[in-house]
Amino acid sequence: MIKVYEIHRYLNDQFQYVVARTHKYTEEKVHLDVKRMNAMLSAEMRKGGVRYVFAIEDMSASNKKTSSKYLHQQNKNPWTR
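Not measured: the values here are computed from a predicted model.

J.: Looking at this model, I keep getting lost on the packing of aromatic side chains. Mind explaining?
T.: To describe a pair of aromatic rings, one takes the distance between the centres and the angle between the planes. Applying the stated criterion across every chain yields a total of 2 aromatic pairs. Seen in terms of ring centroids, Tyr 5 and Phe 54 are 5.8 Å apart; in terms of plane orientation they differ by 25 degrees. Their pairing is stacked. Of this pair, Tyr 5 sits in strand S1 (residues 3-11) while Phe 54 sits in strand S3 (residues 50-58); the two residues are 49 residues apart in sequence, bridging distant segments of the chain. A relative accessible area of 10% places Tyr 5 in the buried class. Plain terms: the ring middles of Tyr 10 and Phe 15 are 5.7 Å apart, the flat faces sit at 75 degrees to each other, and that makes the pair edge-to-face. Classification of Phe 15 by relative accessible area gives partly exposed; the value is 37%. Lying across the ring of Tyr 10, Arg 51 places its NZ or CZ 5.0 Å from the centre.

See below:
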């Protein structure tokens, strides 16, 4: 089982994006990084609802890659002809 540790950025309860992703560092180190990043936020940003969250992804089930052809079809705009 391969675990990938991620740091996610949230605005209030809305997920925004993945800030960092690693499998090289320990879970404890990534947790400390998240705490440090949250501590570095200015009071205005905290008041605005910005926060960083630790997440774990199990990569053993998602080793299959989707082909780029399928991704292209999936992202195709259905309203254009």
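J.: Where do I start with the pattern of salt bridges in this structure?
T.: Between side chains of opposite charge, a pair can form as their charged atoms come close. Tallied over the full model, the rule gives 5 salt bridges. Residue Glu 6 is joined to Arg 21 by a salt bridge in which the shortest nitrogen-to-oxygen separation is 3.2 Å. Linking Glu 6 in strand S1 with Arg 21 in strand S2 (residues 14-22), this pair joins segments that are 15 residues apart in sequence. Accessibility expressed as a relative area gives 7% for Glu 6, which makes it buried. Arg 21 sits in the partly exposed class, given a relative accessible area of 46%. Between Glu 57 and Arg 21 there is a salt bridge, with the nearest N and O atoms lying 2.7 Å from each other. Pair noted here: Glu 57 is in strand S3 and Arg 21 is in strand S2, with a separation of 36 residues, a long-range link. When salt bridges that share partners are traced, they join Glu 6, Arg 21 and Glu 57 into one network.

Rules and cut-offs
Per chain, residues are indexed from 1 in the order of the written sequence. With the structure being a predicted model, the display of local features is reserved for residues of pLDDT at least 70 and the display and counting of side-chain atom pairs for 80 or more, all residues being used for whole-chain, interface and lining totals. To get the side-chain values, take all heavy atoms of the structure and skip hydrogens and water. We call Phe, Tyr and Trp rings a pair once their centres come within 6.5 Å, taking the six-membered ring for Trp, and we label the pair stacked below 30 degrees between planes, edge-to-face above 60, and tilted otherwise. Runs of E in the DSSP output that reach at least two residues are strands. Runs of H or I that reach at least four are helices, and both are numbered from the N terminus. Only protein chains enter the accessibility calculation, which uses a 1.4 Å probe; a residue whose area is less than 20% of its type maximum is buried, one above 50% is exposed, and one in between is partly exposed. The criterion is that NZ of a Lys, or CZ of an Arg, lies within 6 Å of the ring centre and within 35 degrees of the ring normal, and then a charge sits over that ring. Each salt bridge in this description consists of a side-chain nitrogen of Lys or Arg and a carboxyl oxygen of Asp or Glu lying within 4 Å of one another.

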